[in-house]
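# Examining the three-dimensional arrangement
Each chain, letter by letter, is given below.
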Amino acid sequence: NAGVTQTPKFQVLKTGQSMTLQCAQDMNHNSMYWYRQDPGMGLRLIYYSASEGTTDKGEVPNGYNVSRLNKREFSLRLESAAPSQTSVYFCASSPSTSGHQETQYFGPGTRLLVL
Amino acid sequence: GENVEQHPSTLSVQEGDSAVIKCTYSDSASNYFPWYKQELGKRPQLIIDIRSNVGEKKDQRIAVTLNKTAKHFSLHITETQPEDSAVYFCAASPPYSSASKIIFGSGTRLSIRP
C-alpha cells in the first residue's frame, strides 16, 4: 500500500494565482484532513471530511476550499493565493470506524511558496 | 474548543540521558492523546498514544503518562540515542465529531548531544 500520497511535492505561485493540492489514500479510511504547518506553530487543521460526501471547517479555513471527490481523494484549493499561505501542507487520513478517536496517518507534504 | 500547550519548545540532552516533554490540554472531555515524531523534512508519524482510561503506557524506551485531574500528559524517552533527534508533537482529541479530530501542541525540538 502507498498509504497517503500528495501531489505536487513543491509549488511556487504568484500572488493571486490559484491551485489545487491533491491527496489520495488507499487504506479505505473514512476520514481525511488537511493541515498547514508553519514554524513554531505546529499543525493547524484547515478542513476535514468525516466521511465521503461531508466536509467541515477546521481552525484556519479562510482562503481555502475542499472537495471530497470520493472515498479515496480529498483536494484542497487555493482560489487566490496570498503570501500568508506560504506553508507546508499535510494531508492525513484515519479509519473512523470504531466510534473511538483514532490516530491519523500523514502524507509526505506539499511545500508551497507564494511570492 | 480544545487547546494544547507544549513545553519546552527546544530541549537538548546528552546521549544516554532521559528527555521529558510536557503538555496540558483544556477540554476535560478529550479522551485520546497521541504523540507524533517528525524528522527533518519528513511527515509526522505516531510513536505512542494513550486513552483516558489509562494512566501510563510504555513501549521500549518511550513512555507516556496522563493525569486527567490536572489535564496534563507527558512523554518520557529514556537512554536517548542520536536517532531520537526530531520535533515531537503532543495532541489531544475530543469526542465531538464522527472524525478523529486532533488538536496539536506547538512542538518540541529535541537534540541529542553526542
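Preceding this section is the structure that the text describes.
Conventions we followed
Residues numbered from 1 in each chain as written. Chains lettered and ligands numbered in written order. Predicted model: local features only at pLDDT ≥ 70, side-chain atom pairs only at ≥ 80, totals over all residues. Heavy atoms only, no water. Helix = DSSP H or I, 4+ residues; strand = E, 2+ residues; numbered from the N terminus. Buried < 20%, exposed > 50% of the residue type's maximum accessible area, 1.4 Å probe, protein only. Pairing = 2+ DSSP bridges. Axes fitted to C-alpha atoms, helices over the stretch in contact; angles between N-to-C directions. Contact = heavy atoms within 4.5 Å. Buried area = accessible area lost by both parts, 1.4 Å probe. Salt bridge = Lys/Arg side-chain N within 4 Å of Asp/Glu carboxyl O. Core = buried A, V, L, I, M, F, W, Y, C linked by side-chain atoms within 4.5 Å.

### Structural notes on unusual backbone geometry
Cis geometry is found at the peptide bond from Thr-7 of chain A to Pro-8 of chain A, where omega equals -5 degrees. In this fold, Pro-8 of chain A is placed in the loop between strand S1 (4-7) and strand S2 (10-13). In this structure, Pro-8 of chain B follows His-7 of chain B across a cis peptide bond, with omega equal to -5 degrees. Mapping Pro-8 of chain B onto the fold places it in the loop between strand S1 (4-7) and strand S2 (10-14).

### A look at the pairing of strand S4 (residues 32-38) of chain B
Residues and elements named next belong to chain B. Most of S4 sits inside the fold, with seven of its seven residues counted as buried. On S4, burial covers both faces: Tyr-32, Pro-34, Tyr-36 and Gln-38 on one face and Phe-33, Trp-35 and Lys-37 on the other are all buried. Sheet topology places S4 next to strand S5 (residues 45-51); six bridges connect them, and they run antiparallel. Its bridge partner being in S5, Phe-33 is matched across the sheet by Ile-50.

### Concerning the sheet that holds strand S8 (residues 74-78) of chain A
Residues and elements named next belong to chain A. The sheet built from four strands is open, its strands ordered S1-S3-S8-S7 with antiparallel pairing. The open sheet has two edge strands, S1 and strand S7 (65-68), and neither has a second partner. For this sheet, the mean angle separating the axes of adjacent strands, direction not counted, is 15 degrees. Pairing geometry for strand S3 (residues 19-25) and S8, over three bridges, is antiparallel.

### Some details on the interface of chain A and chain B
Each partner contributes residues to the interface: chain A has 23 residues there, and chain B has 22 residues. Buried surface at the junction of chain A and chain B, both sides included, amounts to about 1,900 Å², of which 52% is carbon and sulfur. By the criterion of area lost to chain B, the three top residues of chain A are Leu-43, Gln-101 and Phe-106 of chain A, representing 34% of everything that side buries. Our count for the contact surface shared by chain A and chain B stands at zero salt bridges.

### As for the environment of Gly-3 of chain A
Residues and elements named next belong to chain A. By secondary structure assignment, the location of Gly-3 is in the segment before S1. Here Gly-3 falls in the buried class, since its relative accessible area comes to 14%. Sequence spacing of Gly-3 and Val-114 is 111 residues, and the spatial spacing of their C-alpha atoms is 28 Å. When residues no more than four places from it in sequence are discounted, the contact partners of Gly-3 are Ala-24, Gln-25, Asp-26 and Met-27.

### With respect to the nonpolar core
Grouped together as the largest cluster of nonpolar side chains are 24 residues, with contacts concentrated most on Trp-35, Phe-73, Leu-75 and Leu-110 of chain B. If you list the elements that add at least two residues to this core, you get S2, strand S3 (19-25), S4, S5, strand S7 (62-67), strand S8 (72-77), strand S9 (86-92) and strand S11 (108-113) of chain B. Counting 20 residues, the second-largest nonpolar core is a separate cluster that includes Met-32, Trp-34, Phe-74 and Leu-76 of chain A.

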